[in-house]
Amino acid sequence: MGGGLVVENLAVRYGQALAVDSLSFTVNDETVVLFGPSGCGKTTVLKAILGVTGSGVETQGSILLGGQPIGCEAGAVGMVFQGPVLPAWLTVYDLCRIGCNIGSLPSAERHRRIVHTLDRFGLSGLERRYPYQLSGGQKQRVALAVALLNEPRILLLDEPTTFLDGMARIDAWDFIERNVRSVGIPIIAVSHDPAEALRLADRILVLSSPAAVRSEIRVPFPHPRTEEFARGGAYWDLYERLTSSFS
Amino acid sequence: MGLAAQVSVTPLVFALAWSLVSRAYNLPSVAELAGAIAEMVRSGTYLHDILVSSIRGLAGFFVGFGLGSLTGMLTGRYVRFFLAVGGLLLFLRWTPVLALLPITVRVAGIGEGPKIFLIAWACYFISWTYTHVAVAGLNPAYVWWSDSLGLSVIARFWKVYAPAVAPTLVGGARVALAVAMIVVVAAEFSGTFQEGFFRDGLGYRISRAVETNRNDINVSCIITLGLLGIALDFLLVQFVKRGLRRLTGIDFYRVEG
């Protein structure tokens, strides 16, 4: 079973409304994109994996990470929220220090790890800045750095580039391709953008509403994917399949 | 306008405006007000009145703010607790505190307890309301984010939740403090004992000035209350800024945007 994630018969219900309906899938050392229209329950699936669906929400089914029920190990699941979520009163360094909190790391080692990560993510020199002083792309990289500093065993990305536009989105995809995939942990991303799904995913799970796997699409293109890969006919065939899956 | 400019310009603007108003309505001039303050300082009542009113106001404020914030955290965090007590609290919030003054004096007399009770009562509901709104409105994404990072209860409270709700709480504290200084005057109108440290107060001095037709002392005490309010508000903000920085390690008052 390895260190992968196994979701079996996951069902989430908000009162009378069914948000996730008997959803089953596995994720190994790969990037899986949950693809579906807005409001189909994609983010609810991520919250269920993170264990934060909230009070009054009925959750059934099993979610195992490395064969163990999820939630047994603090910090095992890293998540970058839509937006992203970066408390406005914390500097980049403080955010990273909060992100690097599991275990009993000596402070010198923790500092070294933070400095190394900031350097790898192109954030050196921004340590004392607050989120409002960062560009959208920089915020995204900070959120990714914070989520990865605890060395989680799986990373969840909730619509990772929705709030970016134009070149910033392309830069963010490049960054995730080169710097986040290289960490070598399973990644589950949520998206309703075919271009993003095809750029990031090894597999795409097309969800119906409420969330259940309607179909699965394997994306055969090698990584790292650049803008050039989108020029081929095979790419547009898959793009067409994804866009038509909404109708 | 910077603080230094405000401090230097405001008294001049006030003195000019007061000169015009006092002539039009036959009120004490600026010189007469200064003379009244000098008279009170010489007699030893001025600083004593300021001290006594400050102590009363702050005591009631701290009791009311502490209990109100605690209740607000509970009602904001636990919906069932809010459903259980929210109706009663909302009803009591709308009972005018000044209307309680006569019955409080009738039940408990004119000692310090009833005065502090009235001030605390007024501050309690302001603090409860602000804290409840802040806690109930806490962005759930901060809770999920803290969960995803495996933050301890202490870390998430001091680093995430407290700073998130602090600006609203501080706003509530400043309003509550202002109301405390209003209620302290009303409470002192109800009378004070003629002996002991807590014998007077600025409110009592105003009521005595009205009885003896000393408008100069009356207006001087009102101006003093305004200046005292500014000073206490300044000290409160400094206390909160430094206290939060010490407790959380975060200088979030510097955060803009």
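Residues numbered from 1 in each chain as written. Chains lettered and ligands numbered in written order. Predicted model: local features only at pLDDT ≥ 70, side-chain atom pairs only at ≥ 80, totals over all residues. Heavy atoms only, no water.

**Some remarks on helix α7 (residues 233-245) of chain A**
All names here are of chain A. Test applied: Here a strand is any run of E in DSSP of at least two residues, a helix any run of H or I of at least four, and the numbering for each starts at the N terminus. Helix span, as expected, comes to 1.5 Å for every residue beyond the first. Only protein chains enter the area calculation, which uses a 1.4 Å probe; residues under 20% of their type maximum are buried, those over 50% are exposed, and those in between are partly exposed. Note that the arc is defined by the directions from the helix axis to the C-beta atoms. A contact between two residues is defined here by any heavy atoms of the two lying within 4.5 Å.
Its 13 residues place the ends of α7 18 Å apart at the C-alpha level, agreeing with the 18 Å of an ideal helix rising 1.5 Å per residue. Looking only at α7, the buried set comprises Y235, L238, L242 and S245. Viewed end-on, α7 has its buried residues packed into an arc of 90 degrees, placing them on one side of the element. Along α7, the residues that are exposed and aim more than 90 degrees away from the buried face are D237 and E240. Buried positions along α7 lie against β3 (31-35), α6 (194-200), β9 (203-207) and β10 (213-218).

**Some points on the interface of chain A and chain B**
Threshold: Throughout, buried area stands for the accessible area (probe radius 1.4 Å) lost by two parts on being put together, summed over both. In protein, a polar contact requires one atom able to donate a hydrogen and another able to accept it; more generally it is a pair of N or O atoms within 3.5 Å, and residues adjacent in sequence count only if both atoms are side-chain atoms.
Taken residue by residue, the interface counts 22 residues in chain A and 19 residues in chain B. Between chain A and chain B, the buried area comes to about 1,900 Å², and carbon and sulfur atoms account for 70% of it. Connecting chain A to chain B are three residue pairs in polar contact (both at pLDDT 80 or more). Elements that contribute at least two residues to the side of chain A that touches chain B include exactly α1 (42-50), β6 (77-80) and α2 (92-99) of chain A.

**Examining the sheet that holds strand β1 (residues 5-14) of chain A**
All names here are of chain A. Formally: Should DSSP find at least two bridges between two strands, the strands are taken to pair.
Read across the open sheet, the four strands follow the order β2-β1-β4-β5; overall the sheet is antiparallel. Every other strand in the sheet has two partners, leaving β2 (17-27) and β5 (68-69) as the edge strands with one partner each. Looking at chain direction, β1 and strand β4 (residues 57-65) are connected through eight bridges and run antiparallel. Directly across from R13, in β4, lies its bridge partner E58.

**Focus: the domain arrangement of chain A**
All names here are of chain A. Stated formally: Segmentation into domains, and thus their bounds, comes from an automatic or database assignment. Only Asp, Glu, Lys and Arg are considered charged, only Ala, Val, Leu, Ile, Met, Phe, Trp, Tyr, Cys and Pro nonpolar, and every remaining residue, Gly among them, polar.
Structurally, chain A comprises domain 1 (5-76 + 152-245) and domain 2 (84-151). A straight line from the C-alpha centre of domain 1 to that of domain 2 covers 24 Å. A buried area of about 1,200 Å², summed over both sides, lies between domain 1 and domain 2, and 75% of it is on carbon and sulfur atoms. Interface area lost by domain 1 to domain 2 is led by P152, F163 and F175, which between them contribute 42%. Here domain 1 and domain 2 share two residue pairs in polar contact (both at pLDDT 80 or more) between them. Secondary-structure elements contributing two or more residues to the side of domain 1 that touches domain 2 are β7 (154-158) and α5 (167-180). Top element by residues in the side of domain 1 that touches domain 2 is α5. It accounts for four residues. Taken together, the residues of the side of domain 1 that touches domain 2 sort by class into 12 nonpolar, three polar and one charged.

**Side note on the sheet that holds β7(A)**
Residues and elements named next belong to chain A. Worth spelling out the cut-off: Axis lines are fitted through C-alpha atoms, for helices just across the contact stretch, and the angle between N-to-C directions can take any value from 0 to 180 degrees.
The strand order across the open sheet formed by six strands is β6-β7-β8-β3-β9-β10, and the pairing between neighbours is mixed. Whereas interior strands pair on both sides, the edge strands pair on one side only; in this sheet they are β6 and β10. Sheet twist, expressed as the mean angle between neighbouring strand axes with direction ignored, is 20 degrees. Note: β9 against β10, five bridges, orientation antiparallel. Among the inter-strand pairings, I204 is bridged to a residue of β10, identified as I217. Sheet strands in contact with helix α4 (residues 136-149) are β6 and β7, and its direction is about 170 degrees off that of β6. The strands touched by α7 within the sheet are β3, β9 and β10, with β10 carrying the most contacts at an inclination of about 170 degrees.

**Remarks on unusual backbone geometry**
Note that the residue after A:S209, namely A:P210, is joined by a cis bond; omega there is 0 degrees. Mapped onto the elements of the fold, A:P210 is located in the loop between β9 and β10. For the bond from A:H223 to A:P224, the omega torsion is -10 degrees, close enough to zero to count as cis. With respect to the helices and strands, A:P224 occurs in the loop between β10 and α7. Backbone geometry at A:E159 places phi at a positive 45 degrees, although glycine is not the residue there. Among the secondary structure elements, A:E159 is positioned in the loop between β7 and α5. Phi is positive for B:N213, close to 60 degrees, though the residue is something other than glycine. Counting through the fold element by element, B:N213 comes out in the loop between α9 (202-211) and α10 (215-248).

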